[in-house]
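Results of the structural survey
Residue strings, one per chain:
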Amino acid sequence: MNFNLAILPGDGIGPEVTDQALKVLRTVETTYGHSFDCHFADMGAIAIDKHGDPLPQATLDTCMAADAILFGAIGHPRFDNDPTAKVRPEQGLLRLRKSLGLFANIRPVTVYPNLLHLSPLREEKVRGVDFVIFRELTGGIYFGEKGKTEDSAFDNCVYTKIEVERIARLAFEYARLRRNKLTLVDKANVLETSRFWRKIVFDLGAAEYPDVQLDWMYVDNAAMQIIQFPTSFDVVLTENMFGDILSDEASVLAGSLGMLPSASVGSKVALFEPIHGSYPQAAGKDIANPLAAILSAAMLLDHLGLGEEANTVREAVKSVLEAGYGTSDLQAEKTVRCSEMGDLVAGKVGEMAAKAVEMV
Ligand code: IPM
Ligand code: MN
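Because the structure is a prediction, the values reported are computed rather than measured. (Residues numbered from 1 in each chain as written. Chains lettered and ligands numbered in written order. Predicted model: local features only at pLDDT ≥ 70, side-chain atom pairs only at ≥ 80, totals over all residues. Heavy atoms only, no water.)

**Topic: the sheet that holds strand E11 (residues 261-265)**
- On the basis of which strands lie adjacent, the open sheet formed by 10 strands has the order E2-E1-E3-E12-E11-E4-E5-E10-E8-E9 and mixed pairing. Looking at which strands have only one partner, the edges of the open sheet turn out to be strand E2 (35-40) and strand E9 (213-218). Recorded for the sheet is a direction-independent mean angle of 25 degrees between the axes of neighbouring strands.
- Looking at chain direction, E11 and strand E12 (residues 270-274) are connected through 4 bridges and run antiparallel. Each bridged residue has a counterpart across the sheet, and for Ser 262 the counterpart in E12 is Glu 273.
- Lying on the sheet, helix H3 (residues 57-64) is in contact with strand E1 (2-10), E2 and strand E3 (68-73); it crosses E1 at an angle near 145 degrees. (Pairing = 2+ DSSP bridges. Helix = DSSP H or I, 4+ residues; strand = E, 2+ residues; numbered from the N terminus. Axes fitted to C-alpha atoms, helices over the stretch in contact; angles between N-to-C directions. Contact = heavy atoms within 4.5 Å.)

Structure (structure tokens):
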């Protein structure tokens, strides 16, 4: 089949990890007989440098015309410690999410058996961890009215019923495909918006998803439980900022930030990106871990309806790790560079796909 992809390599290590994901997609393309028409565009610090805008209109147009978007990473240290900066790379991503209506950010947290020793937790705590965070992405405190005066500042947190209901529905549906368990994370003992979420989610659960086991947890307690009992979670549903924080926390369970992919979906085109940042210290050195980008490409394939291809990519990643290869963050038996990791996974995908074709 034919697909139109927008590729936004972004900042820091974004371009090099995206290159590896593209290598893998190119192999999928040739071995399975698809065609991915890739359109590159700038977003983030690179777009500020080249066009004076973190999300130029041309980039937005490219994204709107695509079947899916593959994105690398965003951010540059020169903006981080400058509270006076008028434009920031991150604004590009926030505007893109809002413009494309990407209201749900889906972050699977899984661990690989042969990487358990990298986790900051004991192996027996993390073995079998497999949960998914559904983070609301276009509302709440990120997008409420903001303001400041000489001696005060505010960020409003607002949610509408529609905003809560549409992501809750996705999370319930997803729980049905898994272990049928949904945990709503909020701060309903303090926040009006949380009480509002809770009523909507519980009403929806009772009316339409009585088969899904629904419970709730305060966010401070959830932060603790994710460390203490990470295997007890299945699908976690939460608002924008709680989801931002908890998903970074959860990501370290896997042993390396470089392993976790994510999908942002809405009503139109969807976007796929590693959850890690731009890691500027490593940029251009060919040492970054491209697996999160490659696994994001696998989620992209799933989204395009290419489930078999997506599984092949995931299996290829597993098999390369099991063969003892890893980028330096993985402290593997055989340390490889970012580009070599891309070659290894792409090679394995080609091999596995050829075998699958032989068998039919
Ligand atoms: C993320 C990032 C973004 C966020 C930043 C870069 C705006 O941390 O995708 O989690 O806070 O949403
Ligand atoms: Mn974040």
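Having put the structure on the table, let's press on.
**Quick word on the site of ligand 1**
- Ile 74, Glu 90, Arg 97, Arg 107, Arg 135, Tyr 142 and Asp 244 make up every residue found near ligand 1.
- Arg 107 is positioned such that a nitrogen or oxygen atom in its side chain is 3.0 Å from an oxygen atom of ligand 1.
- The side chain of Asp 244 places a nitrogen or oxygen atom 3.0 Å from an oxygen atom of ligand 1.
- Calculation on ligand 1 without its partners gives an accessible area of 320 Å², and the protein chains cover 77% of this total.
- Structurally, the shell around ligand 1 is a two-domain feature, drawing no fewer than three residues from each of domain 1 (1-102 + 268-360) and domain 2 (120-254). (Near = heavy atom within 4 Å. Polar contact = N/O pair within 3.5 Å; in protein donor to acceptor, adjacent residues only side chain to side chain. Areas by Shrake-Rupley, 256 points an atom, 1.4 Å probe, with all protein chains shown as cover. Domains from an automatic or database assignment.)

**Brief notes about the packing of helix H12 (residues 307-322) against helix H13 (residues 338-359)**
- Direction vectors running N to C along H12 and H13 enclose 125 degrees, while the axes themselves pass 8 Å from each other. Comparing the axis directions of H12 and H13 gives the class oblique. As for the relative orientation of H12 and H13, their crossing is right-handed in sense. Contacts between H12 and H13 involve Glu 308, Thr 312, Val 313, Glu 315, Ala 316, Val 317, Ser 319, Val 320 and Leu 321 from the first element and Met 341, Leu 344, Val 345, Lys 348, Val 349, Met 352, Ala 353 and Ala 356 from the second. (Parallel < 35°, antiparallel > 145°, perpendicular 65-115°, else oblique. Left-handed = near helix turned anticlockwise from the far one by under 90°.)

**Focus on the packing of aromatic side chains**
- Throughout the structure, instances matching the rule amount to 6 aromatic pairs.
- Note on Phe 134 and Tyr 174: the rings are 5.3 Å apart at their centroids and 50 degrees apart in plane angle, and the pair reads as tilted. In this pair, Phe 134 sits in strand E5 (residues 130-136) while Tyr 174 sits in helix H7 (residues 161-177), placing the two residues 40 residues apart along the sequence.
- A relative accessible area of 1% places Phe 134 in the buried class.
- One cation-aromatic arrangement involves Arg 198 over Trp 216; the distance from NZ or CZ to the ring centre is 3.7 Å.
- Across the ring face of Tyr 325, the terminal group of Lys 334 is positioned such that the distance to the ring centre comes to 4.5 Å. (Phe/Tyr/Trp six-rings, centres within 6.5 Å; stacked < 30°, edge-to-face > 60°. Buried < 20%, exposed > 50% of the residue type's maximum accessible area, 1.4 Å probe, protein only. Lys NZ or Arg CZ within 6 Å of the ring centre and 35° of its normal.)

**Considerations on the pattern of salt bridges**
- Overall, the coordinates contain 22 salt bridges when judged by the stated rule.
- Of the charged contacts in the structure, one is a salt bridge between Arg 127 and Glu 123, with a shortest N-O distance of 3.5 Å.
- Each of Asp 130, Arg 178, Arg 179 and Asp 234 takes part in one network of salt bridges that share partners. (Salt bridge = Lys/Arg side-chain N within 4 Å of Asp/Glu carboxyl O.)

**What about the side chain of Asp 42?**
- With respect to the helices, strands and loops of the structure, Asp 42 is situated in the loop between E2 and helix H2 (45-51).
- Under the relative-accessibility criterion, Asp 42 is labelled buried at 18%.
- Here Lys 50 takes part through its side chain, which lies 3.1 Å from a polar atom of the side chain of Asp 42.
- Leaving out residues up to four positions away in the same chain, Asp 42 has contacts with Ala 47, Lys 50, His 51, Pro 54, Pro 56 and Thr 59.

**Brief notes about the domain arrangement of the protein**
- As far as domains go, the protein holds domain 1 (1-102 + 268-360) and domain 2 (120-254).
- Each of domain 1 and domain 2 has a C-alpha centre, and these two points are 26 Å apart.
- A buried area of about 610 Å², summed over both sides, lies between domain 1 and domain 2, and 66% of it is on carbon and sulfur atoms.
- At the junction of domain 1 and domain 2, the tally comes to 0 salt bridges.
- One can count 1 residue pair in polar contact (both at pLDDT 80 or more) joining domain 1 with domain 2.
- Class assignment of the residues belonging to the side of domain 1 that touches domain 2 gives a composition of 3 nonpolar, no polar and 2 charged. (Buried area = accessible area lost by both parts, 1.4 Å probe. Nonpolar A, V, L, I, M, F, W, Y, C, P; charged D, E, K, R; others polar.)

**Comments concerning the side chain of Glu 136**
- For Glu 136, the position within the fold is in strand E5.
- Within the buried core, Glu 136 has no salt-bridge partner, and the shortest N-O distance to an opposite charge, that of Arg 166, equals 4.4 Å.
- Polar side-chain contacts of Glu 136 include one of 2.9 Å to the side chain of Tyr 159.
- When sequence neighbours within four positions are dropped, the list of residues in contact with Glu 136 reads Phe 103, Tyr 159, Glu 163, Arg 166, Ile 167, Trp 197, Thr 238, Glu 239 and Asn 240. (Lys, Arg positive; Asp, Glu negative; His and termini not counted.)

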